[in-house]
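Residue-level structure breakdown
Each chain is listed here by its residues.
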Amino acid sequence: MSDKTDIWQGTLALMVLKTLEAMGPLHGYGIARRVEQTSGDQLSINYGTIYPALLKLEQEGYISSEWGLSDNNRQAKFYKLTRAGRKQLARETRQWEQTTAILARFFAPAKES
Amino acid sequence: MHIRQLRVWLVRLTGLFRQKNRERELADELESHLQMHIEDNLRAGLTPVEARRQALVKLGGVEPTKEMYRRQRGLPLIETLIKDLRYGMRRLTRSPGFTLVALLSLALGIGANTAIFSLVNTALLRPLPVERPAQLVSLTNATANRIFPTFSYPNYKDLRDRNDVFDGLLAYRFAPLSLSHDGINERTWGYVVTGNYFGVLGVKPALGRMISPEDDISPGAHPVTVLSYQCWQQRFGAQPGIVGKTLIANGRNFTVIGVAPQGFFGTEIIAAPELWFPMAMQAQIEVGNDWLAKRGVENLFIQGRLKPGVSVGQAQTALSAIALQLEAEYPEINEGKRVLLSPPGMMGGVMRGAVLGFTGLLMVVVAFVLLLACTNLANLLLARATERRKEIAVRLALGASRLRIVWQLMAESMLLAIASGVLGLLLAYWLINLAVAFKPPVDVPLYFDLHIDYRVLIFTCLITLSTGVLFGLLPALQATKVDILPALKDEASAGDPPRSWWKSGLIVLQVALSLVLLVGGGLMLRALQRAQALDLGFNPQNAAEVSYDLRLQGYDSARGREFQKRLLERVRALPGVRSAGITDLAPVDLHFGRDAVFIEGQQPERATNAPRAMASRISPGYFQAMSTRLVRGRDFTEQDDSNSPPVAIINEAFARRFWPGQDPLGKRFRQGGAESPLMEVVGVVQDGKYAGLNESPQPYVCRPLSQAYAGTNTVIVRTDSDPQKLLPLIRNEVQQLDAHMPLASAKTLAERLAMPLLPARIAASLFASFGMLALALAAIGIYGIMSYSVSRRTHEIGVRVALGAQASDVLRLILGQGMTPVLIGVVLGISSALALTRLMKSLLFGMSAADPLTYTGVAALLLSVALLAAYIPARRATRIDPMQALRNE
C-alpha cells in the first residue's frame, strides 16, 4: 500500500466517524452519500471504498454494526459509534486541528520578524 | 495503539473462519447498497437500466469491492498458504504411490540423520551433568612424542596446590569392583575420587551426603562409599534406609553415606561408575596396589573448574609453569612433561579424535543418503510438474506471478518434508531405543545416554525444512520457466533439451554412491563369512568359560594356587566335562602386553628394542580344554612346579621367528628382563588368534601357573553337551569354594567370539542397509527420469515408429539413453570404492578389500536393478501408437 492510500484511508476513517457522530446510526450507502455531500461534492469517491474502511473501523472497535430497516423499509446494515470510537474521534480531531494549524502557519504570508 | 493493532489482527485471524457466512453477509450488504442507490437514481428520473448502471459505476463494481473488502477482512497471506497446502494435500492423496515412496525415502533419510546426530549430541555437544559445565576442563599429560591422559597422585597434589587458576582440581580413577551385599556377589565398576570431587563438580546428594575432603585425609581411615542413583534403584531396590548400611567391596566393609542424584553418571561420557570411594581408600579397593605416594605411577584422570574470568589459554600457561617446576624437582619422572587442557568427559581428551572421526564418518554417510533422497524427489517432482506444463503456462499467460506458482508447487514439497520429518523422528526414536537396549558383551561400564533432547529436535526441524526447500525449489523454478506459446500448443519446445545435464549427473552420483555403500556392505558380509571359517587355533564350540579375579578378593599366591587347584578338581568332576584348564589371558580379548624375548646364546639386545611376544600363564590341561593342537613335545604337568626347572610352551610362530629351521624343543630363552628365569621349551602348539580375529600369527609363550602365579583367571571347560547348561554348575563350584567370589564373566566360548566380530557386524549392517537404501533410491531415480523423458518424447517416438522404426529400435534408443549415466556411475563407483574400502582393511579379517567377487556381484546387482527401472518406461515407449502420438499436435 502506498503512503497516499494510507493517508486517504486515515482521512476517510475520520470522515466516517464524524459523519456517524453527526447523524447517528447509518448504513454504508448513507455514509458514502453524506461524505460526498458534506464535501460539497468536491470529493468524488467510489462508494465501494467505504466498505473496507468501515470493516477496519469495526475491527478496531470504534464502530459496531447491526442489521436494521432503512427509511424505505429495506434491510440494511447500520453502523454506529462506540465509546472507544467517540474518544478516538475526539483525539483525531484534536490532532487534525493541530496539524492544519501548523500547516496553516507555513502557508500563511510571511510576516516581518 | 498496540493493543488496538493486536485486536485487529485477532479479529482478522477469526476472519479466516466461517467464510461462507461472511461472504453472504457482504453480498447482502452490497446488494442493499445498490438497491438504495438505484431507488434514489430512479427518483432522480433515470431509466431503470441507467439507474442500475450508474449505481454500479459509482460503487466501483461489485467484485472489486468484494475483493478489497476481503483483503481487509482476513489475512490474505495465510489464506493463500492454507489454500496451497490444501491443494498440495489433494495432489498428494491423488497419487498415493508417489507419496508413499517420497515419504518413506525421506523419512528414512531424516530418521537416520536424527539418530546419528543424537549420537554426536551425546558424545560431543551435551555437557556433563554437573554445575556450570562450561567451566570444567580435562587435563592431559603430554611429552614431545606422547599424549596420555593420566597423572600420578603426587603430581596431582602439586598441580592442585600450586595453581591459582582453578577453583578446584579433582582426580579420579576407574576401579574394578567385586561387590557383595545381601548374599549377592557381582562384578561392577566404581571410581576412587579425591575428597573435593563432588564439591568441585557441584553435585548434591539425592540421599545422605557425598564424599567430603574429610573422608580423604588419612589412608584407610574412612571406609565409606556413595552409590549412583541407578545402583541404588537397581541393586538395592531404592531402599529409603540405605544410608548407614554396610556393603562389601573387594573384600572390605564400606558404609554407604549417600546416593548421587539421578542423571549424574560420573565424569566420563561413556563409562558410568556405580560407586564412588574416597581416594584415601585406594589401597583397600585395589588390594595390594598402593600408589598414593608413588610419583611414577600415573593413573589418575584430572579435571578442574576454571576460576571465573580465567581463559583456557591462561590456565594452560599457568599449569605449564608448574609442570616446569615439577620437571626441575623430579627430573627422572617428569622430564619433558607438559599439561594440555581439553573439554571434559573424553578420557582426558585422548578419545576425542576417534569419536570425532567415527561420528563424522557416520554423519557424512547419512547426509549423503538424505541428499540422494532429496535429489530423487526433486526428479520425481519435476516429472510431475512437467505434466502440468500446460496448466502452468495457462496461468502464467493469464497473469499469475511466477512467484505465486513457485510457492504453490513448494507447498506440496513442504508438506511432504514435514510429514517425513515427523515419521523420521519416530524412526529415530525407535532406532535410539534399540541402540540403548543393546549391551555389548565387554567387561567395561559402558554407558551411553542417547536420547532426543531439544538440540536433536532443532536439528531435525532444520534438516526437514531444508530438505523441503532443497527438493522442492529446483523443480518449482524449472517448471515455471516455460515458454508459454509452445507449451500452450502442447509442443515440446525447441529450447528445452530432452535431458538436462544435471539430471544425468544425479543418476551418475546415485549409482556411484550406492555402489560404494553396497561394496562396503558386501565386503563386510563376505568377511564375516570368512571369519566363521577362520582358523582360530582352538575350537569355540562346546566350551564354557568363567572369569574371576583372586586379587580383588585379597588372595595371596599360596591361597590363590590352592583355590585354582581345587576349582579345577571340582570342575573336572562335573558330569559331561571332558577337560578343563585355567589361563590368565582370556582367549581373543583385548590384550596389549607383549614382553621382550631374549634367546639364550644370541646377542642380547636392549629391552627397549628387543623382539616381543605375547605371554600367558596356564594350568595343565588348558590346551586340551581349548582343543588346541600340540604340534611337538609335551603339555605341562603337575610335576612342573616351583621346585622344578622353568619350562615354557611356544607356538609355531614363535619357533619360526626365533629358531627358523631348527628344532625348538630343549632351547632356552628369557622373557621380560635379565632377572627373569631362563625357560626351556618343552612343547610347541599350533598358532591361534589371541587378541583379535584380525591379527596375523604372532609369537606366543605359555608358562605354567605353578611357576608364574597369576590371580586374574579364566577357566575354560570343554564338554560333550550344551556348554550353556554347564555355566550354573561351574558358578556353583566357585561359590562352594568362596561364597564371596564374584564372576567377572560366565559365558560360552562361542559367545565370547561374538565380541571381536561385533564391529564388523555393525559395520556390515550399517553399510548394507544404507547401500540397499541408496540402491532403492537410485532405482526410483532412474525410473522417474526415464518415465519423464519417455513422456516428453512421445511425439518424436511416434514419428520414428511412423517412419518404420521397430519396437526393438525404440527399446534400444530409450534403454541406451537411460543406461549411459548408469554405466558411468558404475565405473566411477568402482574406482571410488577401490580407493575408499582400503580404509576398512582392519575389519576384513585378512580378506582383500579389492575382492573381485564382491565387486562383480554388486555391479551386476546394480546394473540389473537399473536395467529394470529403465526397461519399464522403455517398454511403454514401444507401445506408443504413432497415430495418437502425432494427433497430439
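How each quantity is defined
Residues numbered from 1 in each chain as written. Chains lettered and ligands numbered in written order. Predicted model: local features only at pLDDT ≥ 70, side-chain atom pairs only at ≥ 80, totals over all residues. Helix = DSSP H or I, 4+ residues; strand = E, 2+ residues; numbered from the N terminus. Buried ≥ 20, exposed ≤ 12 C-beta atoms within 10 Å, placed from the backbone. Contact = placed C-beta atoms within 7 Å. pLDDT = per-residue confidence, 0-100. Nonpolar A, V, L, I, M, F, W, Y, C, P; charged D, E, K, R; others polar. Pairing = 2+ DSSP bridges. Core = buried A, V, L, I, M, F, W, Y, C linked by C-beta atoms within 7 Å. Axes fitted to C-alpha atoms, helices over the stretch in contact; angles between N-to-C directions.

Glancing now at the overall build of chain A. Of regular secondary structure, chain A possesses 4 helices and 3 strands. The buried share of chain A, reckoned over its 113 residues, is 29%. Look at the contacts in chain A between residues 6 or more apart in sequence, and 45% of them connect residues 24 or more apart.

Check the secondary structure of chain B and you find 27 helices and 22 strands. Looking at chain B as a whole, 40% of its 889 residues are labelled buried. If you take every contact in chain B between residues at least 6 apart in sequence, the share linking residues at least 24 apart comes to 83%.

This paragraph deals with the confidence of the model for chain A. Mean pLDDT for chain A: 84, with 88% of residues reaching 70 or above. Of all secondary-structure elements in chain A, the lowest mean pLDDT belongs to helix α1 (residues 3–23) of chain A, at 78, while strand β1 (residues 26–27) of chain A reaches the highest, 93.

At the interface, 19 residues of chain A touch 21 residues of chain B. Broken down by secondary-structure element, the contributors of at least two residues to the side of chain A that touches chain B are α2 (28–38), α3 (50–60) and β3 (75–81) of chain A. It is α3(A) that provides the largest number of residues to the side of chain A that touches chain B, a total of 6 residues. Here the residues of the side of chain A that touches chain B are counted per class, giving 6 nonpolar, 9 polar and 4 charged.

Turning next to unusual backbone geometry. All names here are of chain B. We note that Asn 542 has phi near 55 degrees; this positive angle belongs to a residue other than glycine. Overall, the presence of 19 C-beta atoms within 10 Å leaves Asn 542 in the partly exposed class. Its identity as a non-glycine residue notwithstanding, Ser 627 has a phi of 60 degrees, on the positive side.

Turning our eyes to something else, we now look at the environment of B:Asn732. Residues and elements named next belong to chain B. Assignment of secondary structure puts Asn 732 in helix α22 (residues 723–737). A tally of 11 C-beta atoms within 10 Å means that Asn 732 is categorised as exposed. Distance in space between the C-alpha atoms of Asn 732 and Val 571 is 9.8 Å, their sequence separation being 161 residues.

Here we take up the pairing of strand β21 (residues 712–719) of chain B. Residue and element names in this part refer to chain B. Buried residues dominate β21, accounting for 7 of its 8 residues. Pairing of strand β12 (residues 543–549) with β21, which is carried by 7 bridges, proceeds in the antiparallel orientation. By the bridge assignment for β21, Ala 543 is matched with Arg 718. The pairing of strand β13 (residues 577–583) with β21 spans 6 bridges and is classified as antiparallel. Bridge assignment links Ile 582 to a residue of β21, and that residue is Val 715.

Residues and elements named next belong to chain B. Counting 103 residues, the largest nonpolar core has Val 369, Val 511, Leu 515, Ala 774 and Ile 782 as its most contacted members. Counting residues per element, this core draws most heavily on helix α23 (residues 749–792), which supplies 17 residues. Not counting chain neighbours up to four residues away, the residues in contact with Val 369 comprise Gly 109, Ala 112, Phe 770, Leu 773 and Ala 774. Counting residues in each nonpolar core, the second largest holds 59 residues, with Leu 169, Tyr 191, Met 281 and Leu 319 among its members.

All names here are of chain A. Taken in spatial order, the 3 strands line up as β1-β3-β2 in an open sheet, and their pairing is antiparallel. Each edge of the sheet is formed by a strand with only one pairing partner; in this case those strands are β1 and β2 (63–69). Relative to β3, β1 runs antiparallel, the two sharing 2 bridges. Among the inter-strand pairings, His 27 is bridged to a residue of β3, identified as Phe 78. In the packing of α3 onto the sheet, the strands contacted are β2 and β3, and the crossing angle to β2 comes to about 120 degrees.

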